[in-house]
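Tertiary structure, described
Chain residues, written in single-letter form:
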Amino acid sequence: MAEIFVGKRADFKEGDRRIVQTERGDVGLFHHQGEFFAYANTCAHSGGPACEGVMMPKVLDIIAEDRTYQGQTFDESEMHFVCPWHGWEYNLKTGVCVGEPRVK
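Calculation rules
Residues numbered from 1 in each chain as written. Predicted model: local features only at pLDDT ≥ 70, side-chain atom pairs only at ≥ 80, totals over all residues. Heavy atoms only, no water. Pairing = 2+ DSSP bridges. Helix = DSSP H or I, 4+ residues; strand = E, 2+ residues; numbered from the N terminus. Buried < 20%, exposed > 50% of the residue type's maximum accessible area, 1.4 Å probe, protein only. Contact = heavy atoms within 4.5 Å. Phe/Tyr/Trp six-rings, centres within 6.5 Å; stacked < 30°, edge-to-face > 60°. Lys NZ or Arg CZ within 6 Å of the ring centre and 35° of its normal.

**Notes on the pairing of strand S3 (residues 35-40)**
Examined bridge by bridge, strand S2 (residues 25-32) and S3 share 6 bridges and lie antiparallel to one another. Across the sheet, residue Leu29 finds its bridge partner in S3, namely Ala38.

Shown next as structure tokens:
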């Protein structure tokens, strides 16, 4: 894959995201915790602009010892991006689809 200049490292603040046009389609570029991640801006579900959706920490269900549901919390150690069309979530660091792990 060809390299494309999108900006200097210093131009990216923590949490920044850019959608970059390439010859092969749009690419979402994310800056998170000092690292950069790039993915095709195409959701595996219906082709939506996956990289343009909300970024949020992983949602965890809280289950008590008696197996009753106690609510939800966030796992800040795992960030997701969510396709705005139908809500398919992807792990930011791995690109794996949360609801369908065979999809990356």
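**Side note on the environment of Phe36**
On the secondary structure map, Phe36 appears in strand S3. By relative accessible area, Phe36 is classed as partly exposed at 29%. If we ignore the near neighbours within four places in the chain, the residues touching Phe36 are Arg9, Phe12, Leu29, Phe30 and His31.

**Observations concerning the packing of aromatic side chains**
Taken as a whole and judged by the stated rule, the model has 4 aromatic pairs. With a centroid separation of 5.4 Å and an interplanar angle of 20°, the aromatic rings of Phe81 and Tyr90 are classed as stacked. The burial state of Phe81 is the same as that of Tyr90; both residues are buried. Every member of this aromatic cluster is reached through a ring pair, and the members are Phe30, Tyr39, Phe81 and Tyr90. The lysine or arginine in question, Arg18, covers the ring of Phe12, its NZ or CZ lying 3.9 Å from the ring centre.

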